[in-house]
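Listed here are the chains, written in short residue letters.
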Amino acid sequence: MSHFDFDPAATAPRQYPLEVAPDTFCIRALTPSVGGTWTNLNSMVIRGAEPVVVDTGMVTHREQWFEDVFSLVPADELRWIFVSHIDTDHAGNLIEALARCPNAAMITSRGESFRVAASLGVPFARMRLVDEGECFAVGDRELTALRPPVYDSPYTRGLFDESTGVYYASDAFCAPIPGAPVDWTDEIDPDLWAEGLARFHHASLCPWVALVDPAKYQAEIDALARRAIGTIVSAHSPVIRGAAVARAFELLARLPAAAVPA
Ligand SMILES: [Fe+2]
Ligand SMILES: [Fe+2]
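Residues numbered from 1 in each chain as written. Chains lettered and ligands numbered in written order. Predicted model: local features only at pLDDT ≥ 70, side-chain atom pairs only at ≥ 80, totals over all residues. Heavy atoms only, no water.

Going by what an unreviewed UniProt entry lists, the protein is known as MBL fold metallo-hydrolase and is assigned to Novosphingobium anseongense.

Draft legend 1. Up close: the coordination of the iron ion (ligand 1). Bound to the iron ion (ligand 1) are the protein donor atoms His-85 (NE2), Asp-87 (OD), Asp-152 (OD), Asp-152 (OD) and Asp-171 (OD), situated 2.1 to 2.5 Å from the metal. Here the iron ion (ligand 1) and the iron ion (ligand 2) are spaced 3.6 Å apart, and both take Asp-171 as a donor. Of this pair, His-85 sits in the loop between strand E7 (80-82) and helix H3 (94-100) while Asp-171 sits in the loop between strand E13 (166-168) and strand E14 (177-178), and the two are 86 residues apart along the sequence. Accessibility classification places His-85 together with Asp-171 in one group, the buried group. (Donors = N, O, S within 2.8 Å, 3.2 Å for Na, K, Ca; no water. Helix = DSSP H or I, 4+ residues; strand = E, 2+ residues; numbered from the N terminus. Buried < 20%, exposed > 50% of the residue type's maximum accessible area, 1.4 Å probe, protein only.)

Draft legend 2. Representation of the pairing of strand E8 (residues 105-108) within the structure. Of the two faces of E8, the one carrying Ala-105 and Ile-107 and the one carrying Met-106 and Thr-108 are both buried. Two strands pair when backbone bridges link them, and E7 and E8 are joined in this way by three bridges, in the parallel orientation. Counted as the bridge partner of Phe-82 is Ile-107 from E8. Between the parallel elements E7 and E8, the chain passes through H3 in a crossover that is right-handed. Pairing between E8 and strand E9 (residues 127-129): three bridges, direction parallel. (Pairing = 2+ DSSP bridges. Right-handed = clockwise from strand over helix to strand, strands pointing away.)

Draft legend 3. Local environment of the coordination of the iron ion (ligand 2). Protein ligation of the iron ion (ligand 2) involves Asp-89 (OD), His-90 (NE2), Asp-171 (OD) and His-236 (NE2), the donor distances falling in the range 2.1 to 2.2 Å. Given four donor atoms and angles of 81 to 170° at the metal, the environment of the iron ion (ligand 2) is assigned as irregular. Coordination of the iron ion (ligand 2) draws on donor residues from a single chain, spaced D-H-x80-D-x64-H in sequence. (Tetrahedral: all angles 85-135°; square planar, octahedral: opposite > 155°, others 65-115°.)

Draft legend 4. Summary view of helix H5 (residues 190-205). Here H5 contains 16 residues, and its C-alpha end-to-end distance of 21 Å stays within 8% of the 22 Å for a straight helix at 1.5 Å per residue. The complete set of buried residues in H5 reads Trp-193, Ala-194, Gly-196, Leu-197, Ala-198, Arg-199, Phe-200, His-201, His-202 and Leu-205. Residues of H5 that are buried in the fold lie against strand E4 (37-40), strand E16 (240-241) and helix H7 (243-253). One side-chain oxygen of the residue at the start of H5 lies 3.0 Å from the amide nitrogen of Asp-191, identifying that residue as Asp-189. (Expected span 1.5 Å × (residues − 1). Contact = heavy atoms within 4.5 Å. Polar contact = N/O pair within 3.5 Å; in protein donor to acceptor, adjacent residues only side chain to side chain.)

Here it is as structure tokens:
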């Protein structure tokens, strides 16, 4: 099979939406990664009074992504499409989602909105602008845009739902799945999870973390950890729940001093 025949949606095991809190679902996809591991490519749906999609998946999994999202929310009922940043693995189906969901507006930041208009052609009339730390109401709940401590685009915003304690972390807390696909990180050997998380952050997401001021970095982590987060949905990890949430913050905190895995 040549590189151009590679179809991760056809070759990877199918992971269906996972309910991580009441009416909150992780939309999953998998792609094979180095050393026989799997990498998640996740997004999220909040099925509230005004349904929200959080990130829009990848082009390679378009059919599967729309099937999963529309199994939870009919196209004409979707109201908001929150995009954490417009990397192609997070905004891969944005244009199609806006076309297929006529009552939905995209939520992005003021800074990112110009890139969204210029590079993707989304009209400003379809955008609602929410900046770092701002809350916005979506019917039965308020959501807060909160940048994760680590990211590969400075425009990145995570999303916190205080009503469920679910934090969507965008790329942060990324880690591969060694072996058979799992739903939760607490199904992974703890040492393999720690090693994989450090490797993904140093090799891909934020090699700059080795350069940060440790005290300022720790302050960023502490500010997020003070929120009442019970579940972390990362775009590139099984879901992090319960006691694993505190452990995930510890693993993130030790990144600047961690030996960089080969
Ligand atoms: Fe990214
Ligand atoms: Fe990503």
